[in-house]
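Here is how the chains run, residue by residue.
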Amino acid sequence: MITTKLKRPPPFHYIPGISLPHTLSPSHPCRRRLFTTSSTAAHADLLNESQNGQRQSKPRVIFSGIQPTGIPHLGNYLGALSNWVKLQNTASASDELLFSIVGWHALTLPQNPQKLREARMDILAVLLAIGIDPDRAVVFHQDHNPNHTELAWIFNCITPMGKLRRMTTWKSRLATSQNMGEEDAVDVDEGGLNLGLFAYPVLQAADILAYRATHVPVGDDQTQHLELCRVIADQFNRNFKGMERLFPLPIQLNTPSKRILSLRDPTSKMSKSAPDTSSRILLTDPPSTIANKIRSAVTDSIPGITYDPVNRPGTANLLTILAACNYDNEDVQETAGRYVGKNHGALKKDLTEAVVELLKGPREKFEKLRTETGYLEQIAQVGAEKAKSRSEATMVEVRKRVGLT
């Protein structure tokens with residue numbers, strides 16, 4: 001199991017604690033527009049959270065979710081799941097943690113019902129296998145708690161279409177489903193776009209805010225969605241005032257690992273939905289399969305090994321994975337330095353050994369847990385009861401404020 005040090009995102013000009021894409025300068029109109037609705041009280045919350053890099057005594061509510069669209073791959077593990085375990089093991093006793101299997105999000109693209117049923121159970125087994133403790137964190141299926149969709153509908157009614165149109169992830173997902181690369185997302189055919197996929201960032205906001213989460217561990221690809229979640233929370237607080245603000249503005253906890261790219265197309269991220277199965281390493285892949293996938297990974301014909309993401313994306317991706325697998329959390333440039341004078345064969349050999357060792361424990365635990373269907377169903381039921389109880393307190397107040405009582 002990897003142990004990594006969680007890095008607090010550096011403050012930017014407007015609101016400390018939130019990391020924005022580096023391509024947006026402080027004067028960029030999109031950057032200004034996203035945060036013009038932020039309230040003074042919200043600014044104070046964020047300033048208190050980030051001041052001196054210290055966590056305040058106020059308990060955190062940490063929420064994150066994963067779609068049941070197949071066994072998680074190495075990118076999911078290094079970018080999010082291992083970070084969930086790290087958060088669980090380092091959180092204070094007063095912090096609340098909620099990890100959800102977001103089945104409703106999976107329906108935004110076509111699914112085989114039987115495979116989806118199996119995938120929901122697979123993901124639950126994976127979370128337990130990697131070290132998520134259901135006695136410490138609430139682990140549950142999103143679709144077991146109707147409060148998510150009720151709140152999402154209310155948020156739909158206050159979210160402008162223009163903000164959803166500016167979201168980029170739905171374009172990337174649609175492009176992937178059409179066998180296009182992420183770089184082609186701008187030209188994606190929107191004829192196959194359904195309302196669920198277009199509006200799923202609103203459901204994502206409801207997932208988070210149903211529990212009034214204060215912190216959300218997600219990768220950079222979800223930054224835009226979390227920004228929208230903050231805007232929705234602030235808009236609701238302004239539209240439906242009470243004795244105090246109902247929703248906090250959640251803070252992003254950036255995952256420390258860089259984005260893991262496809263082994264076959266290193267211009268796109270590793271994806272469970274990519275048609276080429278050799279493009280990803282699954283947490284359940286046996287050593288022989290891992291070796292074959294790494295052996296066939298796209299690199300280049302340039303002699304030697306250097307870390308150059310622009311000109312050598314395939315080689316850089318392998319180095320990034322190897323650095324992330326290193327138990328000392330080695331910097332990728334240090335990793336590259338150990339391969340001066342070596343070739344891709346040596347790099348792929350070492351990477352294979354590192355990945356096999358990393359996934360050995362979780363794979364063995366998963367295989368055991370997956371046969372214990374009754375135990376998994378019990379965990380899901382207990383988690384759902386806790387989630388519904390926690391979110392119902394929020395929904396009682398929401399219904400009161402919007403006039404649905």
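Structure's up top.
The present account deals with the structure reproduced in this document. Residue positions are counted from 1 within each chain, in the order its sequence is given. Given that the model is predicted, a residue must reach a pLDDT of at least 70 before its local features are reported, and side-chain atom pairs must reach 80 or more before they are shown or counted; all residues, however, enter totals for whole chains, interfaces and linings. Calculation of side-chain values draws on the structure's entire complement of heavy atoms; hydrogens and water are dropped beforehand.

## Some details on the overall build of the chain
Thought 1: Secondary structure is summarised from DSSP: a helix means a run of H or I of at least four residues, a strand means a run of E of at least two, and numbering begins at the N terminus for each. Tallying secondary structure elements over the chain gives 15 helices and five strands in all.
Thought 2: Only protein chains enter the area calculation, which uses a 1.4 Å probe; residues under 20% of their type maximum are buried, those over 50% are exposed, and those in between are partly exposed. When burial is assessed residue by residue, the chain has 52% of its 405 residues classed as buried.
Thought 3: Here, two residues are considered to be in contact whenever any of their heavy atoms come within 4.5 Å of each other. In the chain, of all internal contacts separated by at least 6 residues, the share reaching a separation of at least 24 is 76%.
Thought 4: For the area figures, the Shrake-Rupley method with a 1.4 Å probe applies, and any residue is considered shielded solely by the protein chains shown. Accessible surface, the chain as shown: approximately 18,400 Å² in total, 53% of it carbon and sulfur.

## Quick look at the pattern of salt bridges
Thought 1: Counted as salt bridges are all cases of a side-chain nitrogen of Lys or Arg within 4 Å of a carboxyl oxygen of Asp or Glu. Throughout the structure, instances matching the rule amount to 14 salt bridges.
Thought 2: Of the charged contacts, one joins R120 and D143 as a salt bridge, the two residues approaching to 2.7 Å between their closest N and O atoms. Here R120, found in helix α5 (residues 113–130), pairs with D143, found in the loop between β3 (138–141) and α6 (147–156); they are 23 residues apart in sequence, far enough to count as distant.
Thought 3: We classify R120 as buried; its relative accessible area is 17%.
Thought 4: On the basis of relative accessible area, D143 is assigned to the partly exposed category, the value being 25%.
Thought 5: The partner of R264 in a salt bridge is D276, and the shortest N-O contact between them spans 3.7 Å. Highlighted residues: R264 in the loop between β5 (251–254) and α11 (287–295) and D276 in the loop between β5 and α11, separated in sequence by twelve residues.
Thought 6: Each of E150, E392 and R399 takes part in one network of salt bridges that share partners.

## Topic: α11
Quick reminder: α-helices carry 3.6 residues per turn. Residues three or four places apart thus point the same way.
Thought 1: Three or more residues of α11 are buried, namely I290, A291, K293 and I294. All buried residues of α11 project into a common sector of 165° when viewed along the axis, lining one side.
Thought 2: Each element contacted by the buried residues of α11 is listed here: α14 (344–369). Relevant arc is that of directions from the helix axis to the C-beta atoms, nothing else.

## Brief notes about the pairing of strand β4 (residues 215–218)
Thought 1: Side chains H215 and P217 project from β4 onto one buried face, and the interleaved V216 and V218 project onto a second face that is buried too.
Thought 2: When DSSP locates at least two bridges between a pair of strands, those strands are taken to pair. Looking at chain direction, β4 and β5 are connected through four bridges and run parallel. Opposite H215, over in β5, you have I251 as the bridge partner.
Thought 3: Handedness of the crossover is the feature at issue here: the chain leaves β4, passes through helix α10 (residues 223–239), returns alongside β5, and the resulting connection is right-handed. Orient the strands so they point away from the viewer, and a crossover whose first-strand-to-second-strand path over the helix runs clockwise is right-handed.

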